[in-house]
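Next come the chains, spelled out residue by residue.
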Amino acid sequence: MQELRIIGGRSLRGSVQISGAKNAALPALAACLLTNQTTTLSNMPDVKDVGSMCALLEALGARISRVNDSISVDTSNVDRHNAPHELVRKMRASVLVMGPLLARFGMAEVALPGGCTIGNRPIDLHIAAMKKLGADATLIKGDTHLTASTLKGARIYFDRPTVTGTENVMMAATAADGETLLENAAREPEVVDLAELLVKMGANISGAGTDTIRVIGGQLMKGATHEIISDRIEAGTYAVSAAMTGGIVTLTHMNPRMISSLLEKMRSAGCKVVETDTTVTISGLPPFKPVDISTAEYPGFPTDLQAQFMAMMCLADGEAVITENIFEDRFKHVPELNRLGAEIVIRGRSAFVRGVKNLLGAIVTASDLRASASLVLAGLAAQDETRILRIYHLDRGYYRMEKKLSALGADIGRIDGEGP
Ligand code: EPU
């Protein structure tokens, strides 16, 4: 099994191009199912999760073709409507086909995802909303079977904002008669990007980016072309890598406003941040001022950058409190960071990070995508060699991370290890 080997202590310098957003690419691929015409998506990141979503679409009957960073999806032959457990278990975002399949065929069978390494992550809010739109839902052998002869517009209030829930319902509502109002909807940029694609496909949607989204359903959905937005989480990860290594890095092809919450915290920690419309240049040097963060829905501090910011606070001059409010179990990186010499104690939803002078290389194990990223960052800043096992998590969401980091001057490489 492959491992990452990092010799820490090199300052990163130069510029890095940010890829398209995985979490915008996945719903966009699912949205292709809403039409029987071809949709072409560009700026698609070549990451494993995108490959898994393409495999799911192909299993449903779609034909996929790739040219450079563009993916075209021909859905004229789609004739199946089930997302099996093997795929949903591997990638929870597979549930995003539920809304489009229900819209197009009046039927969808989607396996319940079950728990994962960051929390329970139920999809009850997705299903409750589909029922409000008029679908019947039955659980058969772990799969939710949804059927609807017609979908009817409805007022849907989400108990809590859910990103993929909002996306799923927005897609289903394009086929519902009349108006659907999504209240307490997620405001993430990826939701806005999906709404823009759906509008290009023919949908009538307004309010995306606010907590109330209005969809007037029943429009004929056609093929479209669309460029996926940049990955704000990838951008944030490289921003932290620059500061932790005492370097200076310019992030290009991105939108700094999408990571304002992180950049403000980095400024408070003592980093220098210079923004243009499409770039950010970050420089920093440990020890950082300790800065507390508390994760929240957009535009709050993203849970997907919590682990990376925690890695940075390991090198603070004092104690920082990192509170995780989105997922109940997203601290799996803490014991691994401690193996690298960090001093972190978890109490309830908060991690108390007492800064240390230096991190020291060790063998650590990645548990999920963003936890892996935090270990890479810590390894880049640590003395001596760090080896990260189970690195396949990283490939789910970061395009060529070690290549991008090497180009910035990091000593990092992939090796075939004997790890578990
Ligand atoms: N929730 C429910 N019931 C539901 C749906 C969600 O209780 O039916 C809860 C979740 O358990 C969680 C909270 O609501 O506690 C918010 O979860 P949300 O539904 O917003 O998460 P998601 O849509 O499953 C997306 C991203 C995640 C990201 C979260 C939060 C995609 C494909 N995934 O997940 O990305 O962490 O939003 O921003 O968009 C990642 O990229 O590493 C990743 C995990």
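If you're wondering where the values come from, they're calculated on a predicted model, not measured in any experiment.

K.L.:
Break down the overall build of the protein for me, with residues and values.
P.N.:
Across its full length, the protein carries 14 helices and 24 strands. Taken over the C-alpha trace, the protein has a radius of gyration of 21 Å; the compact-globule value for 420 residues is 22 Å, and the two agree within 12%. Expressed as lengths along the three principal axes of its C-alpha atoms, the size of the protein is roughly 65 × 45 × 40 Å. For the protein, the residues scored as buried account for 57% of the 420 residues in total. Summarising the internal contacts of the protein: among those between residues at least 6 apart in sequence, 72% fall at separations of at least 24. For the protein, the exposed area adds up to about 16,300 Å²; of that, 48% sits on carbon and sulfur atoms. For the protein, the centre of its 44 positive side-chain charges and the centre of its 46 negative side-chain charges are spaced 1 Å apart.

K.L.:
Which residues make up the packing of aromatic side chains, and what values do they have?
P.N.:
Per the stated rule, a full pass over the model turns up 1 aromatic pair. A centroid spacing of 5.6 Å and a plane angle of 65° characterise the contact between Phe-301 and Phe-309, whose relative ring orientation is edge-to-face. For Phe-301, a relative accessible area of 5% puts it in the buried group. The positively charged end of Arg-347 is found above the aromatic ring belonging to Phe-352, 4.5 Å away from the centroid.

K.L.:
Quick rundown of the site of the ligand? Include the residues and the values.
P.N.:
The environment of the ligand is made up of 21 residues, and the closest members are Asp-124, Thr-162, Thr-164, Asp-304 and Ile-326. Contacts to the ligand include Pro-122, whose backbone N or O atom sits 3.3 Å from an oxygen atom. Taken by itself the ligand offers 830 Å² of open surface, and the protein chains cover 88% of this. For the shell around the ligand, the secondary-structure elements that each account for two or more residues are α1 (22–31), α5 (124–132), α6 (163–173) and α12 (369–381). Here the element with the most residues in the shell around the ligand is α5; it accounts for 3 residues. Residues of the shell around the ligand, tallied by class, amount to 9 nonpolar, 5 polar and 7 charged.

K.L.:
Residue-level account of the side chain of His-226, with values.
P.N.:
Structurally, His-226 can be placed in strand β14 (residues 225–227). Here His-226 falls in the buried class, since its relative accessible area comes to 4%. Sequence-distant contacts of His-226, defined by excluding residues within four places in its chain, comprise Thr-40, Leu-41, Ser-42, Asp-193, Glu-196, Leu-197 and Lys-200.

K.L.:
Can you break down α12 residue by residue, with the values?
P.N.:
Its 13 residues place the ends of α12 19 Å apart at the C-alpha level, agreeing with the 18 Å of an ideal helix rising 1.5 Å per residue. By the criterion of burial, α12 is predominantly enclosed, with 13 of the 13 residues buried. Two or three places before Arg-370, at the opening of α12, Asp-368 has a side-chain oxygen 2.9 Å from that residue's backbone nitrogen.

K.L.:
Run through the sheet that holds strand β8 (residues 136–140), naming residues and quoting values.
P.N.:
Taken in spatial order, the 4 strands make up an open sheet running β6-β7-β9-β8, and their pairing is mixed. Edge positions in the sheet fall to β6 (82–83) and β8, since each has one partner strand and no second. For β6 and strand β7 (residues 107–111), the ladder comprises 2 bridges, and the chain directions are parallel. Looking across to β7, one finds that Ala-83 is bridged to Val-110.

K.L.:
Pulling in residues and values, what's your account of the sheet that holds strand β10 (residues 155–157)?
P.N.:
If you trace the 4 strands from one edge of the open sheet to the other, you get β10-β11-β13-β12, paired in mixed fashion. Whereas interior strands pair on both sides, the edge strands pair on one side only; in this sheet they are β10 and β12 (204–206). Here the strands of the sheet are splayed against their neighbours by 15° on average, with no regard to which way each runs. Alignment of strand β11 (residues 179–183) against strand β13 (residues 212–216), held across 5 bridges, turns out to be antiparallel. Within the sheet, the bridge partner assigned to Leu-182 lies in β13 and is Ile-213.

K.L.:
Give a detailed account of the pairing of strand β16 (residues 272–275), specifying residues and quantitative values.
P.N.:
Relative to strand β17 (residues 280–283), β16 runs antiparallel, the two sharing 4 bridges. Within β17, the residue paired with Glu-275 across the bridge is Val-280. Connecting β16 to the next strand, β17, in antiparallel fashion are 4 residues.

K.L.:
How would you summarise the pattern of salt bridges if you had to cite specific residues and measurements?
P.N.:
Using the criterion set out here, one finds 17 salt bridges in the structure. Here the salt bridges do not stand alone but share partners, grouping Lys-22, Asp-49 and Arg-396 into one network.

K.L.:
Requested: an account of the pairing of strand β19 (residues 319–323), with residues and values cited.
P.N.:
Among the 5 residues of β19, 4 are classified as buried, and the element is accordingly described as predominantly covered. Here 2 bridges tie strand β18 (residues 293–294) to β19, and the two strands are oriented parallel to one another. Paired with Ser-294 across the two strands is Thr-323, which belongs to β19. Crossover β18 to β19 through helix α10 (residues 306–313) is right-handed. One ladder, built from 5 bridges, connects β19 with strand β21 (residues 350–354); its direction is antiparallel.

What counts and how
- Residues numbered from 1 in each chain as written.
- Predicted model: local features only at pLDDT ≥ 70, side-chain atom pairs only at ≥ 80, totals over all residues.
- Heavy atoms only, no water.
- Helix = DSSP H or I, 4+ residues; strand = E, 2+ residues; numbered from the N terminus.
- Rg over C-alpha atoms; globule rule 2.2 N^0.38 Å.
- Buried < 20%, exposed > 50% of the residue type's maximum accessible area, 1.4 Å probe, protein only.
- Contact = heavy atoms within 4.5 Å.
- Areas by Shrake-Rupley, 256 points an atom, 1.4 Å probe, with all protein chains shown as cover.
- Lys, Arg positive; Asp, Glu negative; His and termini not counted.
- Charge placed at Lys NZ, Arg CZ, Asp CG, Glu CD.
- Phe/Tyr/Trp six-rings, centres within 6.5 Å; stacked < 30°, edge-to-face > 60°.
- Lys NZ or Arg CZ within 6 Å of the ring centre and 35° of its normal.
- Near = heavy atom within 4 Å.
- Polar contact = N/O pair within 3.5 Å; in protein donor to acceptor, adjacent residues only side chain to side chain.
- Nonpolar A, V, L, I, M, F, W, Y, C, P; charged D, E, K, R; others polar.
- Expected span 1.5 Å × (residues − 1).
- Pairing = 2+ DSSP bridges.
- Axes fitted to C-alpha atoms, helices over the stretch in contact; angles between N-to-C directions.
- Salt bridge = Lys/Arg side-chain N within 4 Å of Asp/Glu carboxyl O.
- Right-handed = clockwise from strand over helix to strand, strands pointing away.

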